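# Results of the structural survey
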Amino acid sequence: MTATVDAPLSSRSRGPVARYLRALWLLTTRDLKVRYSTSFLGYLWSVLDPLLMAGIYWFVFVLVFQRDVGEEPYIVFLLSGLLPWMWFSGAISDSTRAFTREAKLIRSTTIPRTIWVAQLVLAKGLEFGFSLPVLALFAILGGAHLTWSAPLFLLAILVQAVLTLGLGLIVAPLVVFFRDLERAVKLLLRFLFYASPIIYGLTDLEHLGLETVGAFNPLAGIFSMYRGAFFADQVDPFAIAVSAGLALLALGIGLLVFRRTIRSVLKAI
Amino acid sequence: MAIDQHAARAADPALGPVISVRGLGIRFRRNRTARRDFKDLFAGRHRRTLPGEFWALRDVSFDVQPGEAIGVVGRNGQGKSTLLKLVAQVLLPDEGEVHVAAGVAPLIEITGGFVNDLTVRENVYLTAGLHGMTRAEIDARYDEMIAFAELEEFQNTPYKHLSSGMKVRIAFAVVSRLEEPILLVDEVLAVGDKAFRDKCYRRIDELLAGGRTLFFVSHSDRDLRRFCRRGLYLDRGELLLDGPIDEVLARYDADHGPE
């Protein structure tokens, strides 16, 4: 009998937080690696998609409709809502497949299971980060200047991450039992795109008297923070407070739903 | 040869059980019903059996001491794999408790974490990392894993281009190198050619000699006798017998006829 068996590894003495973050990082980079190694354009896709969409909206709303919403330069105004929207909608629609996509891995490893949702939020968040140079480029070309409220941009990222994770934790386990939810979520996202201040601003709802109602869309406050970086009068403290509160509420409910349903989810996948 | 060593370290009661299972029960739905109401979904743990559900395991209790090698015996669908998954904690029980005091190397669906579009090298780092190894630890063992799987020529080949035998080889090489104190094996060894199977068996012998605890599900009497001293006989979700492996196999044969 050979004596090649080493002493048990020391890694188990590392804290659970370190293990969680490492597994989260491994899974997220795995997906990016797969995406970039299998497609020729790789990184460009994370930029091309929002660029093309922005081009379309610019054509429709600036050239065709003679837009009277938003601010100048409109392309910066649009992108500062559109890019975070793509993070949000991408992560939520991916989380409808969080468990089915990874079923084999979930059945064979004991990684903390919220990771299966968190990795999707992080992956789309990184893509959002990669697309920010495009926003910076247009801000420079269009002559938009950073305002005093630019640091709100970072707070917006944090609030959006919390909100998206919370909603993902609710959606992911429920889809396992109610398959219809997958399509319902897609429909809801399409509705939410127009119901959120992306192609317009929250202030544009004023003459409809919908400003207060609109502020209860948690995305309104988040986008108002992103936009505050370039357009100071887009910052709406009330909407921001509402969205921060709703984001924490979503995370709380998400963790609760996830904890209560995970036993059944593991049996079903 | 390996047997003597098993005997030498089989019982070390001073350390306490490494796996402790108490009143374990889990139930599944018999058929996939289209309707499922929220109340049912959020009910969590309750003892009541709902219509259309059955207990895959119930009232199962046993302890495993460090260094023991245990074989689980039973016909198909009697809860063997479910028990293994509960010990691996990839399933959660509806009643009772499972305590596992040490790290687990689960040889269950071992190819599960491998990604088709990544290379063998990337997959080794990914899978070993997900099972809790640090980068430095993987660096130190990487060559050994590749050598064990005999894939020196294929390190930069996309995983999807490997043959199915190669896939199992690299997966076994990684998971069996995890160096965790507990090894869970679920018939993975039934695949691969004979030469590689022998190699896997030698690897398990080595791990056992190094003091690992083995929890083994198999239909092969030969394998069970080779590795295990103690057996658990499961039938219809019940633990019928917990004793020396020869006794357990004799009882199983008596109940179901020799295979």
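Residues numbered from 1 in each chain as written. Chains lettered and ligands numbered in written order. Predicted model: local features only at pLDDT ≥ 70, side-chain atom pairs only at ≥ 80, totals over all residues. Heavy atoms only, no water.

Here we come to the pattern of salt bridges. This model, assessed by the stated rule, comprises 28 salt bridges over all chains. The residue Arg101 of chain A makes a salt bridge to Asp31 of chain A at a minimum N-O spacing of 3.3 Å. Within this pair, whereas Arg101 of chain A is found in helix α4 (residues 98–101), its partner Asp31 of chain A is found in helix α1 (residues 16–38), the two being separated by 70 residues in sequence. Asp31 of chain A sits in the buried class, given a relative accessible area of 12%. Asp117 of chain B serves as the salt-bridge partner of Lys160 of chain B, at 2.8 Å between the closest nitrogen and oxygen. Highlighted residues: Lys160 of chain B in the loop between α5 (135–149) and α6 (164–175) and Asp117 of chain B in the loop between β5 (104–107) and α4 (120–130), separated in sequence by 43 residues. With a relative accessible area of 31%, Asp117 of chain B lands in the partly exposed category. If you follow the salt bridges from partner to partner, you end up with Arg35, Asp94, Arg97, Lys124 and Glu127 of chain A in one network. (Salt bridge = Lys/Arg side-chain N within 4 Å of Asp/Glu carboxyl O. Helix = DSSP H or I, 4+ residues; strand = E, 2+ residues; numbered from the N terminus. Buried < 20%, exposed > 50% of the residue type's maximum accessible area, 1.4 Å probe, protein only.)

Moving on: the sheet that holds strand β9 (residues 238–244) of chain B. All names here are of chain B. Pairing in this open sheet of 6 strands is mixed, and the strands run β5-β6-β7-β3-β8-β9 from one edge to the other. This sheet does not close on itself; its edge strands, each paired only once, are β5 and β9. When the angles between neighbouring strand axes are averaged without regard to direction, this sheet yields 15°. Bridging between strand β3 (residues 69–73) and strand β7 (residues 213–217) involves 4 bridges; their strand directions are parallel. Within the sheet, the bridge partner assigned to Val72 lies in β7 and is Val217. (Pairing = 2+ DSSP bridges. Axes fitted to C-alpha atoms, helices over the stretch in contact; angles between N-to-C directions.)

What follows covers the sheet that holds strand β1 (residues 19–29) of chain B. All names here are of chain B. The antiparallel open sheet is built from 3 strands, whose spatial order is β2-β1-β4. The open sheet has two edge strands with one neighbour each: β2 (53–64) and β4 (95–100). Pairwise comparison of adjacent strand axes, ignoring direction, gives a mean angle of 30° for this sheet. Here β1 runs beside β4; their pairing, made up of 5 bridges, is antiparallel. Bridging from a neighbouring strand, Val21 pairs with Val98 of β4. Packing of helix α3 (residues 80–88) onto the sheet brings it into contact with β1, β2 and β4, and relative to β1 it is tilted by some 120°. (Contact = heavy atoms within 4.5 Å.)

As a further point, take the layout of surface pockets. Residue and element names in this part refer to chain A. Approximately 710 Å³ is the volume attributed to the largest pocket. For the lining of the largest pocket, the elements supplying multiple residues, two or more each, are α1, α2 (44–64), α3 (74–95), α6 (115–142) and α8 (180–195). Looking at the lining of the largest pocket element by element, the count peaks at 8 residues for α3. Looking at side-chain class alone, the lining of the largest pocket contains 14 nonpolar, 6 polar and 6 charged residues. (1 Å grid on protein atoms, 1.4 Å probe; cavity = no way out; pocket = protein on both sides within 12 Å on 5 of 7 lines; lining within 4 Å. Points joined across faces, edges and corners; volume = space filled by probe spheres on them. Nonpolar A, V, L, I, M, F, W, Y, C, P; charged D, E, K, R; others polar.)

This model, assessed by the stated rule, comprises 0 disulfides over all chains. Sulfur of Cys200 of chain B: no disulfide; nearest cysteine sulfur belongs to Cys228 of chain B and is 16 Å away. (Disulfide = S-S within 2.5 Å.)

With that settled, the discussion passes to the confidence of the model for chain B. Residues and elements named next belong to chain B. Of the residues in chain B, 83% have a pLDDT of 70 or more, and the chain-wide mean is 83. Per-element mean pLDDT across chain B ranges from 39 in helix α1 (residues 2–9) up to 93 in α4. For this predicted complex, the interface confidence comes out at an ipTM of 0.80, alongside a pTM of 0.86. (pLDDT = per-residue confidence, 0-100.)

What follows deals with the pairing of β9 of chain B. All names here are of chain B. Bridge count between strand β8 (residues 230–235) and β9: 6 bridges; the pairing is antiparallel. For Arg230, the partnering residue across the bridge sits in β9 and is Pro244. Here β8 hands over to β9 after 2 residues, with Arg236 in that stretch at a positive phi of 45°.

A few words on the nonpolar core. Among the nonpolar cores identified, the biggest contains 59 residues, and Phe99 of chain A together with Phe62, Leu83 and Phe215 of chain B are the most heavily contacted of them. What Phe62 of chain B contacts, discounting residues up to four positions off in sequence, is Ile19, Ser20, Val21, Arg22, Leu83, Phe215, Arg230, Leu232, Leu239 and Asp242 of chain B. Membership of the second largest hydrophobic core comes to 53 residues, among which are Tyr57, Leu79, Val121 and Tyr200 of chain A. (Core = buried A, V, L, I, M, F, W, Y, C linked by side-chain atoms within 4.5 Å.)

A surface patch of nonpolar side chains, about 650 Å² in accessible area, is lined by Phe40, Leu41, Tyr43, Leu44, Trp45 and Leu48 of chain A. Within the fold, Trp45 of chain A resides in helix α2. (Patch = residues over 30% accessible without salt bridge, like charges linked within 9 Å, V, L, I, M, F, W, Y side chains within 5 Å. Areas by Shrake-Rupley, 256 points an atom, 1.4 Å probe, with all protein chains shown as cover.)

A few words on helix α10 (residues 218–228) of chain A. Residue and element names in this part refer to chain A. By the criterion of burial, α10 is predominantly enclosed, with 11 of the 11 residues buried. Within the span of α10, buried status applies to Pro218, Leu219, Ala220, Gly221, Ile222, Phe223, Ser224, Met225, Tyr226, Arg227 and Gly228. Tucked into the core, α10 has its buried residues touching α3, α6, α7 (152–177), α8, α9 (211–215) and α11 (237–268). The N-cap residue of α10 is Asn217: its side-chain oxygen and the backbone nitrogen of Leu219 are 2.9 Å apart. (Polar contact = N/O pair within 3.5 Å; in protein donor to acceptor, adjacent residues only side chain to side chain.)

This part is about the side chain of Asp236 of chain A. Residue and element names in this part refer to chain A. With respect to the helices and strands, Asp236 occurs in the loop between α10 and α11. Despite its burial, Asp236 pairs with no opposite charge; the closest candidate is Arg227, at 11 Å N-O. Dropping the residues within four chain positions of it, Asp236 is found in contact with Leu202, Glu211 and Ser224. (Lys, Arg positive; Asp, Glu negative; His and termini not counted.)

In this section: the confidence of the model for chain A. Residue and element names in this part refer to chain A. Taken as a whole, chain A shows an average pLDDT of 87; of its residues, 94% reach a score of 70 or greater. When the elements of chain A are averaged for pLDDT, α2 gives the smallest value, 82, and α7 the largest, 95. In this model, residues 1–12 is a region of pLDDT below 50 whose contacts with residues beyond four sequence positions or in other chains number 32 contacts.

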